[in-house]
Amino acid sequence: PELRAVAQVEVAVTPLPPAPPRLAVSTSPRIQVYQRGKNRFSVQVARGGFDGDVRVEFENLPADVSARPVTVPAGATEAPVELLAGPGAPLGTFQIRATARATPPQSGAQPVELVARGGSGLEVLAAPRAPVDIVFALDISGSMQWAIDGTSKGIGKFAEALGKNQLDARVGLVGFK
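This write-up is about the structure you can find in this document. Think of each chain on its own: its residues are numbered from 1, step by step along the sequence as written. The predicted nature of this model means local features are confined to residues of pLDDT at least 70 and side-chain atom pairs, given and counted, to a pLDDT of 80 or more, with totals for whole chains, interfaces and linings taken over all residues. In computing side-chain properties, one takes all heavy atoms of the structure into account and sets aside hydrogens as well as water.

1. Let's talk about the pattern of salt bridges
Condition: A pair is scored as a salt bridge if a Lys or Arg side-chain nitrogen falls within 4 Å of a carboxyl oxygen belonging to Asp or Glu. Any residue under 20% of the maximum accessible area for its type is buried, any over 50% is exposed, and the rest in between are partly exposed; the area is computed with a 1.4 Å probe on protein chains only. By the criteria applied, helices consist of DSSP H or I runs no shorter than four residues and strands consist of E runs no shorter than two, each listed in order from the N terminus.
Here the structure, examined in full by the defined rule, presents 8 salt bridges. Between Arg-47 and Asp-51 there is a salt bridge, with the nearest N and O atoms lying 3.7 Å from each other. Of the residues examined, Asp-51 reaches a relative accessible area of 46% and is grouped as partly exposed. For the salt bridge of Arg-97 with Glu-59, the shortest nitrogen-to-oxygen distance reads 2.8 Å. A residue pair is termed long-range when its members are at least 10 positions apart, and Arg-97 in strand 8 (residues 92-102) and Glu-59 in strand 4 (residues 54-59) qualify at 38 residues.

2. Structural notes on the nonpolar core
Generally speaking, soluble globular proteins have nonpolar side chains that are buried together. To be explicit about the condition: Remark: nonpolar core denotes a set of buried residues (Ala, Val, Leu, Ile, Met, Phe, Trp, Tyr, Cys) joined through side-chain atoms within 4.5 Å. Only heavy atoms enter the contact rule, under which two residues are in contact if any of them lie within 4.5 Å.
Counting 28 residues, the largest nonpolar core has Leu-23, Val-43, Val-54 and Val-56 as its most contacted members. The contacts of Val-54, once residues within four sequence positions are left out, are Leu-23, Val-45, Arg-47, Val-70, Thr-71, Val-72, Ala-100, Arg-101 and Ala-102.

3. Here's the deal with the sheet that holds strand 1 (residues 22-27)
Rules: In this description, strands pair whenever DSSP reports at least two bridges between them. Only the stretch in contact is used when a helix axis is fitted, and all axes are lines through C-alpha atoms; the angle between N-to-C directions ranges over 0 to 180 degrees.
Spatial strand order, 1-3-7-5: 4 strands in an open sheet with antiparallel pairing. Each of the sheet's edge strands pairs with one partner strand only, and the pair in question is strand 1 and strand 5 (65-67). Here the average twist between neighbouring strands, direction ignored, is 25 degrees. Here strand 3 (residues 37-48) pairs with strand 7 (residues 78-85) via 8 bridges, running antiparallel. Its bridge partner lying in strand 7, Ser-42 is registered against Pro-80.

By themselves, these figures tell us nothing about what the structure is for.
Below, the structure written as C-alpha cells:
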C-alpha cells in the first residue's frame, strides 16, 4: 500500500521591526595638558537609528582643569574640545569620563534619553620653563665703579627672581671701557 499526503503551507514574510536607537562615544585614550596651558582634542560619537544632536560632557576632571560641554551636531561624527589647565592643576595622570546624551525622536512613544560613556587618561604636566637670554652691557672704566658694585650686589637677587618666575635663563655680561 502506498501512502500519500498533501499539505498546503502558507508563508507570510513580515519586515523586522526597526532596531532601537543606539549611541556610543569615544575620545583619545591619552590626553596631555600643561599647567597654565590648553590642549584640543576630538570627541567622536556613533549613532544608530537616529541622526540628531548629541551633547557630550566631561566628568572627573582634576581641580583647576576644565572642558566645556560640546554638541556634536546632526550629520557630524565629531566635535573639538578645548581643555584648560590653570596653575593649580595637580600633576599626574587622571581617569576622566566623557558622557554623551541624546534624545532621538520616536513615533508614538515617550522620548527616551540615550546615554553613552567613554573614558580617557588625562596627564597633567608641569609647565615648561620659558627660555630667556639676558645680556648686560656694563661700562667698566674706573669712573663707573659704583655701577660695577651695584651690579655685582644685585645680580643674585635678579637671578633669584628669574627662578621664582620659572624662567630658564642664560645670563651674560659684556664689559667695555
